[in-house]
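Structural characterization, general
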Protein chains: 4
Amino acid sequence: MQSITSELVHQTIRRRPAESHKGTYGRVMLIGGNQNFGGAIIMAATAAIYSGAGLVTVATDLVNLTSLHAQLPEAMVVDYHQTAMMTQLLKTMDVIVIGPGLGTDQFAARLLTTVLAQVQPQQRVVIDGSALTLLATRTQPLPAAQIVVTPHQMEWQRLSGLKIADQTPTANHLAQQRLGVTAIVKAHHTTVYTTDRVWFNPGGTPAMATGGMGDTLAGMIGGFTAQFKDFTNAILSAVYLHSEIADDLAQARYVVLPHQISAEIPKYMHRYSLN
Amino acid sequence: MQSITSELVHQTIRRRPAESHKGTYGRVMLIGGNQNFGGAIIMAATAAIYSGAGLVTVATDLVNLTSLHAQLPEAMVVDYHQTAMMTQLLKTMDVIVIGPGLGTDQFAARLLTTVLAQVQPQQRVVIDGSALTLLATRTQPLPAAQIVVTPHQMEWQRLSGLKIADQTPTANHLAQQRLGVTAIVKAHHTTVYTTDRVWFNPGGTPAMATGGMGDTLAGMIGGFTAQFKDFTNAILSAVYLHSEIADDLAQARYVVLPHQISAEIPKYMHRYSLN
Amino acid sequence: MQSITSELVHQTIRRRPAESHKGTYGRVMLIGGNQNFGGAIIMAATAAIYSGAGLVTVATDLVNLTSLHAQLPEAMVVDYHQTAMMTQLLKTMDVIVIGPGLGTDQFAARLLTTVLAQVQPQQRVVIDGSALTLLATRTQPLPAAQIVVTPHQMEWQRLSGLKIADQTPTANHLAQQRLGVTAIVKAHHTTVYTTDRVWFNPGGTPAMATGGMGDTLAGMIGGFTAQFKDFTNAILSAVYLHSEIADDLAQARYVVLPHQISAEIPKYMHRYSLN
Amino acid sequence: MQSITSELVHQTIRRRPAESHKGTYGRVMLIGGNQNFGGAIIMAATAAIYSGAGLVTVATDLVNLTSLHAQLPEAMVVDYHQTAMMTQLLKTMDVIVIGPGLGTDQFAARLLTTVLAQVQPQQRVVIDGSALTLLATRTQPLPAAQIVVTPHQMEWQRLSGLKIADQTPTANHLAQQRLGVTAIVKAHHTTVYTTDRVWFNPGGTPAMATGGMGDTLAGMIGGFTAQFKDFTNAILSAVYLHSEIADDLAQARYVVLPHQISAEIPKYMHRYSLN
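Looking at an unreviewed UniProt entry, one finds chain A named ADP-dependent (S)-NAD(P)H-hydrate dehydratase, with Lactiplantibacillus daoliensis as its source organism. On record in UniProt, under Subunit (unreviewed entry), the comment for chain A is "Homotetramer." One UniProt comment on chain A, placed under Sequence similarities (unreviewed entry), says "Belongs to the NnrD/CARKD family."

It is worth spelling out the sheet that holds strand 2 (residues 27–31) of chain A at this point. Residue and element names in this part refer to chain A. The 10 strands lie next to each other as 1-10-9-8-7-6-5-2-3-4, forming an open sheet whose pairing is mixed. Edge positions in the sheet fall to strand 1 (2–3) and strand 4 (76–79), since each has one partner strand and no second. Of the pairings in the sheet, the one linking strand 3 (residues 55–60) to strand 4 comprises four bridges and is parallel in character. Bridge assignment links Ala59 to a residue of strand 4, and that residue is Val78.

Moving on: the relation of the copies chain C and chain B. Expressed as a screw transformation, the operator carrying chain C onto chain B has a rotation angle of 90° and an axial translation of 0.0 Å, and the superposed copies differ by an RMSD of 0.0 Å. Seen this way, the second copy is the image of the first under a four-fold rotation axis. For chain C, the residue whose C-alpha comes nearest the rotation axis is Ala70 of chain C, separated from it by 4.1 Å.

Superposing chain D onto chain A requires a rotation of 90° together with a translation of 0.0 Å along the rotation axis, leaving an RMSD of 0.0 Å. Here only 10% of the contact residues of chain D are again contact residues in chain A; the copies associate through non-equivalent surfaces.

Residue and element names in this part refer to chain C. Pairing geometry for strand 1 (residues 2–3) and strand 10 (residues 197–200), over two bridges, is parallel. Within strand 10, the residue paired with Ser3 across the bridge is Phe200. When strand 9 (residues 191–194) meets strand 10, the two strands line up antiparallel, connected through four bridges. From the neighbouring strand, Val192 faces strand 10, where its bridge partner is Trp199. Connecting strand 9 to the antiparallel partner strand 10 that follows it, the hairpin turn spans two residues.

Residues and elements named next belong to chain C. The alternating pattern of strand 6 (residues 124–127) places Arg124 and Val126 on one face and Val125 and Ile127 on the opposite face, and all of these are buried. In this structure, strand 5 (residues 95–98) lies alongside strand 6, joined through four bridges in parallel fashion. Within strand 6, the position partnered with Ile98 by the bridge is Ile127. Once you follow strand 5 into helix 5 (residues 106–118) and on to strand 6, the crossover reads as right-handed. Judged from the four bridges that link them, strand 6 and strand 7 (residues 146–149) form a sheet pairing that is parallel.

With that settled, the discussion passes to the pattern of salt bridges. On inspection of all chains with the given rule, the structure shows five salt bridges over all chains. Put simply, Lys186 of chain B and Asp128 of chain B hold a salt bridge, and the shortest N to O gap is 3.7 Å. Taken as a pair, Lys186 of chain B in the loop between strand 8 (182–185) and strand 9 (191–194) and Asp128 of chain B in the loop between strand 6 (124–127) and helix 6 (130–137) lie far apart in primary sequence, 58 residues in all. Both residues of the pair, Lys186 of chain B and Asp128 of chain B, count as buried. The partner of Glu264 of chain C in a salt bridge is Lys267 of chain C, with the nearest N and O atoms 4.0 Å apart. On the criterion of helical spacing, the pair formed by Glu264 of chain C and Lys267 of chain C is a turn pair, its members being three residues apart in helix 11 (residues 258–273). On the accessibility criterion, Lys267 of chain C (29% relative accessible area) is partly exposed.

When C-alpha atoms are compared, chain A and chain C, though not in contact, are closest at a spacing of 8 Å. No part of chain B reaches chain D; the closest C-alpha pair between them is 8 Å apart.

Another point: the packing of aromatic side chains. Under the defined criterion, the tally for this structure stands at 12 aromatic pairs over all chains. Between the aromatic rings of Tyr254 of chain A and Phe228 of chain B, the centroid separation amounts to 6.4 Å while the plane-to-plane angle is 50°, which identifies the pairing as tilted. Pair noted here: Tyr254 of chain A is in the loop between helix 10 (231–249) and helix 11 (258–273) and Phe228 of chain B is in the loop between helix 9 (213–227) and helix 10 (231–249), and the two residues belong to different chains. Each member of the pair, Tyr254 of chain A as well as Phe228 of chain B, is classed as buried. Chaining the aromatic ring pairs together yields one cluster made of Phe224 and Phe228 of chain A together with Tyr254 of chain D. One Lys or Arg, Arg16 of chain C, reaches over the ring of Tyr25 of chain C and ends 3.6 Å from the middle of that ring.

Cut-off values and rules
- Residues numbered from 1 in each chain as written.
- Chains lettered and ligands numbered in written order.
- Predicted model: local features only at pLDDT ≥ 70, side-chain atom pairs only at ≥ 80, totals over all residues.
- Heavy atoms only, no water.
- UniProt positions renumbered as here; feature names shortened; annotations may be inferred.
- Pairing = 2+ DSSP bridges.
- Helix = DSSP H or I, 4+ residues; strand = E, 2+ residues; numbered from the N terminus.
- Least-squares fit on C-alpha atoms with pLDDT ≥ 70 in both.
- Contact = heavy atoms within 4.5 Å.
- Buried < 20%, exposed > 50% of the residue type's maximum accessible area, 1.4 Å probe, protein only.
- Right-handed = clockwise from strand over helix to strand, strands pointing away.
- Salt bridge = Lys/Arg side-chain N within 4 Å of Asp/Glu carboxyl O.
- Phe/Tyr/Trp six-rings, centres within 6.5 Å; stacked < 30°, edge-to-face > 60°.
- Lys NZ or Arg CZ within 6 Å of the ring centre and 35° of its normal.

Put into structure tokens, the structure is as follows:
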């Protein structure tokens, strides 16, 4: 087991090239937010945009259109019921984040299936939140693409079949090999499983134990994997920074709210990008 | 009559255990917000989330969905007209706050009855705002649970039968014994009545005399009782901190607005949690 | 012509009595905001609440409900088409502000007539914005109450019949005597006309020349007249403070936005309230 | 090719005359924002208002009404489907900004045609975003008025017929002469083409490469051309300031968000307005 280091983050987040434009920093679609859990997709999209993704589209129930734009006019929006438009847009994306506030009803299950069926090999996919619960009941194979899942321990139990007490690094790594995707198992100290390694995140604080914290991480991973070429390093850097910011804010706060983390992302990324 | 002290607050708000998750800090449902008073449930939910409650669900008229999420994406939302979903969710809650902006029409009265009928002994209930007016006209007994009511003096008159001029600590305490619930009687200096004691809150400022201040206190009590085991101490700490923050803000403000108090809660709680 | 002085403001804004509650600081209803000009009533209500009014209700087209609550949960809302509820609520108000974003169509004209017909002698009324244009075409007498109108020079031309070039203090004062209401004529240096005197406001900056500035002043007058007994002094203090805050903000800003003024009101009032 | 200088900006942004009012600083209508791209017109309108435009009206799909007013109550709103009202309002405008989030469907094309057909010689027109794509397919001549287009390199390719690799200053200038409108070609270093000159903007940072940055520039140009008499200098000053603010914010941020630029505009303009 290897610790994620600030050095790894520093090597990942590089100074942006002068000759570049929005497209250079990736197109991200975040899919989720039903009538009950619309806040989740707002928090995820906020994190993606503050992470520097070039162009962010939110595919959601339109009941969330106004609350999203009221705080994040930078996002574009599409009704996730409009299959034709979704299909057309999905093709143009570099990264797809699916799950925050998606729910687990039949529509959500169908949407997950539709989206995964269209994923192309060069795309990156972040599967989070409700989509993990749905994933645990699916029998179809996952598409050939760069995929990362972000379960907390209970969701990991559903996905891996490992009870929480049995979720040792070794057992988790074996489960990850079976699933064939990068796995982030969120806990007090989060661990990340890739094909060839087990990573340990040194940060984290109980001040993060509040609703929406995972949605924010999923959005950050969306933003980081849209910009940084090495998929694993992009993921590890997002995990590290998410908890580093929380740790710093928790120096003066009993609870850290998700939007407070997002607001800090550009400053932290700037510092890591300096030589 | 005993003064609430900063020492009591300090003993209540403890450093969070490292091994913990959202569930550790409680599930809170806040019920209220009709078409006219939607702001009340937004202010209450804001206070609950900034107090550190793990998972917060707002049960309201969906007319309030967007304004809530536009400023508080951290909250989940359910339509309070959907009886089946309400029933299912209520079972999973640690704390129920009912009343802010609920109104006093027939629907509100029915909803209060439905909710109270489902309360389980291990749950904690905060009855506030319009629900207190409704409570005063009810004849059914209150459910066996840990209940706190938060009337201002006029609401206490309706609830206790005591005219404002007659609301002495002794008379209030006798009324509280009859009602069998913890009672917070809000006034310039708020008093709190439990089975065995009368508490006096030393703080408070006329800069708090503005709409929404009580909704914020109700939300704080929701958040505190979700996290801290001793019901009475959780309540007393919320009352104390609510006015302490207001007193501090009023050092430089003629009027203190409810959302300004909520924004400060995490910092104050952090300070009390230090050894 | 007499200058409004900081001394007058200081004598008006007094330290709040400890024994007081929301009702002590007045009930204000702000009426306005159609589908095109909803922002005006939001800005007016924001100013009223930040001025310390105890309880603020906004009567508006419900199309504005969500945008209002998204930034000002402290306000209560009523549909201004619901005549019965409006009538019932109007009776309970200390101050009525009518006009910001009301528009000048038939509904607006009817609403103004309905509201003015219900005004009671002890109530205070602020007539602003579109309502001034409507007022200029009315033939019915104004109700017996404490009324203030807040025209800019073009609106004053419509109301008084005086062309802008002819709006000298003497001519304005004669027109005010005819109308029988306090008149604030907004210009670079605003003048205020009461039965026995002409007041001159020393402050004011071209950085205030932006949409919504008048709505903010109307809301402040609503808040001030709700709290301070002397009607004239309350009005003069609102006029003075509105421009004093703007002058200060303009030290570092080319344009001052209305919401920036409102955010400062509690601090300025606090300073004036000190001995 | 001549560099835009801070001296030019200083000569353009003058201290405001004391005797002035909202009308002095111009009436601006911003047209755009469909169901998917509503955020764009919000960001453009925010920039116009923070630039000091006197009166700003947003013509949009009403689906965007609430999210706009939730953050920008200073803007007035009109449904861009209401042809009669649009026609009436357009006549009163000093500046028209068309394009941010307009989309490229049939309705958008028709609206662009309708608006351009009504433009009067003394009006100023900013054509941005989707409207540039529509413009590239039109055959009708542009109206006689002061017009500026704001393409990024790909949009300029569509508009000028020049492939990105061929977009040299000389080729661009020839294309501009053909089109007969001022052209801002947005790139790492933006160039501006007027009838008699080619301007080079010295500022700009890859931290600006995020969605909404162009909408913000379009809104600033709307605000600046509404206030400052010399059309070219107003445009050049907006271009210069937009990137100067971004450069400054990027000293501490990996990505600069559009609304962060708008928030700074009044302070920067103030500094330039000093002698």
